[in-house]
Amino acid sequence: ASIGVVMIYFLLEGIILTILARMYRRKFPFYKGLLNMFIGTFFSNITPSSSGGQFAQAYTFSKQGVKVTNAASILFMHFILYQIVMVLFSFVIFIFKYNQLESMTSHINVLGLDFSVISISLIGFVINTFVIVALFLLAFSEKLHQFIVTKGISFLHKIKIIKNKEEQVIKLNTKVETFRLEFKRLTQNWPVLLI
């Protein structure tokens, strides 16, 4: 049963990557999405902090005929959808199964302080919710986009982390604008989102 559940998970991840890739390349075959998922899973599991998975997937997409910029967009959309679903599942569990969850978990001792698993889970839930809300605001608010780019770069320039302020503002503006376009493309494509 456990092996079956893992295989279903792999299959669904492959389907998700295939559907997102077909937004850029209509005839992207399912087996390539499945292969990309296996490569991403492998590299996530052999690199520290799962840092190599998405790089390997972007490279694999480029070898499969998807532009690197589109591959980055696909992986970013996958990340956003994953975060949204995680927050929704967590919300449903906290609302409907809170008492059962609390009775099944114990306390964790960190630096002499006792924390319940529920309180740590709630902190994670709040952080993930904040990230999703911030991404939505960044995608749809031009003013927030400009504020973050200009003030953030200025602050980093003042504390001597960034040397060439103007060049970094242009680079970050380009990245944020690309993110905004891809995020809008995702939110306007409801059939893909629902699937």
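Above this text is the structure in question.
The text that follows walks through the structure, step by step, so that each part is easy to find. Because the structure is a prediction, the values reported are computed rather than measured. (Residues numbered from 1 in each chain as written. Predicted model: local features only at pLDDT ≥ 70, side-chain atom pairs only at ≥ 80, totals over all residues. Heavy atoms only, no water.)

## Let's talk about the environment of Leu35
And step 1. Looking at the secondary structure, you find Leu35 in helix 2 (residues 30-46).
And step 2. Here Leu35 falls in the partly exposed class, since its relative accessible area comes to 43%.
And step 3. Linking Leu35 and Gln57, residues 22 residues apart in sequence, is a C-alpha distance of 9.4 Å. (Helix = DSSP H or I, 4+ residues; strand = E, 2+ residues; numbered from the N terminus. Buried < 20%, exposed > 50% of the residue type's maximum accessible area, 1.4 Å probe, protein only.)

## What to know about the side chain of Asn36
And step 1. Inspection of the secondary structure assignment puts Asn36 in helix 2.
And step 2. Once residues lying within four places of it in the same chain are set aside, the contact partners of Asn36 are Leu17, Gln57, Thr60, Phe61 and Gln64. (Contact = heavy atoms within 4.5 Å.)

## A look at the packing of aromatic side chains
And step 1. Within the structure shown, the criterion is met by 6 aromatic pairs.
And step 2. Seen from their ring centres, Phe28 and Phe61 are 5.8 Å apart, and the 50° between their planes marks the pair as tilted. Of this pair, Phe28 sits in the loop between helix 1 (2-21) and helix 2 while Phe61 sits in helix 3 (residues 53-63), and the two are 33 residues apart along the sequence. Judged on exposure class, the residue Phe28 and its partner Phe61 are both buried.
And step 3. Centroid distance Phe91 to Phe125: 6.4 Å. Interplanar angle 15°. Geometry classified as stacked. Of this pair, Phe91 sits in helix 4 (residues 68-96) while Phe125 sits in helix 6 (residues 117-140), and the two are 34 residues apart along the sequence. (Phe/Tyr/Trp six-rings, centres within 6.5 Å; stacked < 30°, edge-to-face > 60°.)

Keep in mind that these numbers describe shape and distance, not what the molecule does.
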